[in-house]
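Structural description and commentary
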Amino acid sequence: MLSTALILSILLFQSPAWITAKPTDAFIELTKQPYYVDKTELLHVISAFHNNYDFVACPSRFLKSSNLQMIKSFYRYEFDNNGQPKPYTETETFAFFKKFKISNHSVAFLKNRMANHPVLLIDLKFDVSQVKTIAQVDALLNTKLREAFQEYFEILPKLPTPTGEFEITKFETEFLQKLQKGTATHFELSYGLYRLSNVLHKYFKRRVIILIDDYDHAANQAVLKHDLLLDTDGPVYYFYTSISNMFRKTFKQNRKTKNYAMMTGISGRIEYADKDVTENQFLDDHVFSPYFGFTEIDVDNLLTKYNRPYGEFNQVKTYYKGYLTRLKTYHLFSPYSIVQSALSTKAVPEKHTKLEPYWTRTENHDFIKRALKSDNFRQKLRKLVDDVSVRVNISDYHKSSPALDTFVSTINERKATFKGIHQIEDEHLFHHMLEIGYLSHSSAKNDGPQAYCLPNSEIREGLAKIFDEIENKKNGDENKNDDQVTNAPEKNSKESFVAIRE
């Protein structure tokens, strides 16, 4: 049971902001924007909980965070002043979601699911360049778990203490105290997510919904931008082995309680090591495909809302379209590009006929620039920029991507000759291009499942610009070297020959 010391620690360390903060604020603010697209049918899709744990992968700015905020907003309990869950019809959630598609479902569904679950949302994004030590990683994990549990620190002391088989253990009580103070050890944190979800299950006797946002953000930031994964003793590697262990223990233990988890990310680069995790990869055809990205219907509705002339619909969709799923079930669009295009044309009407590459401007291209040092990769990518599809053996690309352990081991095995990420096999380089949103399945009739192309004109222009930058830099360096050679002092013919040769 919860001790008096724990209750006192909750009161002493509680931040006033936690009392007033609404966990749904982020999603509520999003829905107030004129460019919001209703994706609430996703709430019904996951409601059956056919899988214990779902992993959904897609590029950045493809609605990962907003969808998880939506799920939390819909499912999480609302409490009255006594800390008791409210009947769903008396909740702000019920009133709020009336205007969305999800409200068209049966009363039985709404009663059983809406505002009727404890929810934990953990955002694993952080700046890898700011985390230098192992101690900082543990402090970061402590903070992430504490923030996810923050509303329950206030609520639990008001609820009846679980008894019998649901009694809170000594380990759980001590962990909650340490988590609140920020003093949980690395070993305790490895069981942290399991402890938190188990405590909530004991109190509410309902399936706990665990939402993990951008679980691989730091690894991708490290690989694609900083090349920081070479050190197996470094903080980034330590962070991912830590959360991998935490997921493994949580998923294994939660088989008894049947808790549900949805993780989002860009890749499957780390091991969550559980057979119950169902992978839903970007551009595979799965039930989540139309909710992570804009569909053609979404784009039509948004352009209509912004009074875009109907004659321009095809022009807009041709420029930004191109994310074709493997079985050609869906054509997806970058939500960020479509929204930015709509906003810009509303503010400056004369720009209606001018389409710009918005999404590519937000992405970091260091990974692509380094990968272009590979001759084979550069040649194939050049073909793609020239609008020629390329066959690459990544039909099972989600399986071909090395998990973090394998990725680092591969690098260490050839440490003597490894010069950078461009020496990884072309298949893995193209796999990462597909993950981060720079490739799509080819729509040509004669192209099979292993044929890939660039998704759209926006991506093509972005990559062409990278090639131009590299070529201009190369020419600039050559001209600089020529000037140095031309202006070199010619003391004698031998010295001149050496200068030219070098």
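1. Topic: the overall build of the protein
Counting secondary structure elements, the protein contains 23 helices and 10 strands. Residue burial in the protein is summarised as follows: out of 502 residues, 53% are buried. When the accessible area of the protein is evaluated, it comes to approximately 23300 Å², of which 50% is carbon and sulfur surface.

2. Describing unusual backbone geometry
In the Ramachandran plot, Arg61 falls in the positive-phi region, its phi being about 65° despite a non-glycine side chain. Checked against the element boundaries, Arg61 lands in the loop between β1 (53-57) and α5 (64-75). For Leu63, which is not glycine, the phi dihedral falls at a positive 75°. If you trace the backbone, Leu63 turns up in the loop between β1 and α5. On the basis of relative accessibility, which here comes to 19%, the residue Leu63 falls in the buried class.

3. With respect to the nonpolar core
Counting 61 residues, the largest nonpolar core has Ile71, Phe97 and Met262 as its most contacted members. The dominant element in this core, judged by the number of residues it contributes, is α5, at 5 residues. Residues in contact with Ile71, not counting those within four places in the same chain, are Leu42, Leu43, Ile46, Ile209, Leu211 and Met262. In terms of nonpolar packing, the next biggest core, distinct from the first, is built from 51 residues, Leu159, Ala184, Ala261 and Met263 among them.

4. Quick notes on the packing of helix α8 (residues 134-155) against helix α9 (residues 170-181)
Taken N-terminus to C-terminus, the directions of α8 and α9 make an angle of 110°; their axes are 9 Å apart at the nearest point. Classified by the interaxial angle, the pair formed by α8 and α9 is roughly perpendicular. In the packing of α8 onto α9, the handedness of the crossing is left-handed. Across the interface between the two elements, Asn142, Leu145, Arg146, Phe149 and Phe153 of α8 pack against Phe175, Leu176, Lys178, Leu179 and Gln180 of α9.

5. Quick word on the pattern of salt bridges
Side chains that differ in sign of charge can pair as their charged atoms come close. For the coordinates displayed, the defined rule picks out 18 salt bridges. Put simply, Arg76 and Glu78 hold a salt bridge, and the shortest N to O gap is 3.7 Å. For the residue pair Arg76 and Glu78, the accessibility class agrees, reading buried in each case. With a closest N to O distance of 3.5 Å, Arg382 and Asp386 form a salt bridge.

6. Considerations on the sheet that holds strand β9 (residues 440-441)
Taken in spatial order, the 3 strands of this open sheet run β8-β10-β9, and their pairing is antiparallel. Across the chains shown, the open sheet's two edge strands, defined by having one partner strand only, are β8 (390-391) and β9. Taken together, the 2 bridges between β8 and strand β10 (residues 451-453) define a ladder with antiparallel strand orientation. Bridge pairing links Arg391 to Ala451 in β10.

7. Here's the deal with α8
For α8, with 22 residues, the first-to-last C-alpha span of 32 Å sits near the 32 Å given by 1.5 Å per residue. The principal kink in α8, of about 55°, is found at Phe149.

8. Some remarks on the confidence of the model for the protein
Averaged over all residues, the pLDDT of the protein equals 77, while 75% of them reach at least 70. Below a pLDDT of 50 lies the segment residues 395-400, which in the model reaches 16 contacts outside its immediate sequence neighbourhood of four places, other chains included. Counted against residues more than four places away or in other chains, residues 402-419, with its pLDDT under 50, gives 31 contacts.

9. Some words on the environment of Ala451
Structurally, Ala451 can be placed in strand β10. Judged by relative accessible area, which is 0%, Ala451 ranks as buried. Separated by 10 residues in sequence, Ala451 and His441 have C-alpha atoms that sit 6.2 Å apart. Setting aside residues no more than four positions away along its own chain, Ala451 makes contact with Val390, Arg391, Ser440, His441 and Ser442.

10. Overview of the sheet that holds strand β3 (residues 209-213)
Backbone-to-backbone hydrogen bonds join strands into a sheet, with any given pair of strands oriented parallel or antiparallel. The strand order β2-β3-β4-β1-β5 describes an open sheet built from 5 strands, whose pairing is parallel. A single partner strand is all that each edge strand has here, and the edge strands are β2 (119-123) and β5 (277-280). Each strand axis lies, on average, 15° off the axis of its neighbour in the sheet, ignoring direction. Two elements, β2 and β3, share 5 bridges in a ladder whose sense is parallel. Residue pairing across strands places Val119 opposite Ile209, the latter belonging to β3. Contacting β1, β3, β4 (260-265) and β5, helix α13 (residues 235-253) crosses the sheet at an angle of about 155° to β4.

11. Quick word on the packing of aromatic side chains
Following the criterion strictly, the structure yields 29 aromatic pairs and no others. Between the aromatic rings of Tyr77 and Phe79, the centroid separation amounts to 5.9 Å while the plane-to-plane angle is 45°, which identifies the pairing as tilted. No difference in accessibility class separates Tyr77 from Phe79, as the two residues are buried. An angle of 90° between the planes, with centres 4.8 Å apart, marks the rings of Tyr319 and Tyr320 as edge-to-face. The structure contains a cluster of three or more aromatic residues connected by ring pairs, namely Phe27, Tyr36, Phe74, Tyr75, Phe96, Phe97, Phe100 and Phe109. A cation sits over an aromatic face here: Arg61 above Tyr336, 4.7 Å from the ring centre. Just above the ring of Phe467 sits the side chain of Arg382; from NZ or CZ to the centre is 4.5 Å.

Analysis parameters
- Residues numbered from 1 in each chain as written.
- Predicted model: local features only at pLDDT ≥ 70, side-chain atom pairs only at ≥ 80, totals over all residues.
- Heavy atoms only, no water.
- Helix = DSSP H or I, 4+ residues; strand = E, 2+ residues; numbered from the N terminus.
- Buried < 20%, exposed > 50% of the residue type's maximum accessible area, 1.4 Å probe, protein only.
- Areas by Shrake-Rupley, 256 points an atom, 1.4 Å probe, with all protein chains shown as cover.
- Core = buried A, V, L, I, M, F, W, Y, C linked by side-chain atoms within 4.5 Å.
- Contact = heavy atoms within 4.5 Å.
- Axes fitted to C-alpha atoms, helices over the stretch in contact; angles between N-to-C directions.
- Parallel < 35°, antiparallel > 145°, perpendicular 65-115°, else oblique.
- Left-handed = near helix turned anticlockwise from the far one by under 90°.
- Salt bridge = Lys/Arg side-chain N within 4 Å of Asp/Glu carboxyl O.
- Pairing = 2+ DSSP bridges.
- Expected span 1.5 Å × (residues − 1).
- Bend = angle between axes of the 7 residues up to and from the residue.
- pLDDT = per-residue confidence, 0-100.
- Phe/Tyr/Trp six-rings, centres within 6.5 Å; stacked < 30°, edge-to-face > 60°.
- Lys NZ or Arg CZ within 6 Å of the ring centre and 35° of its normal.

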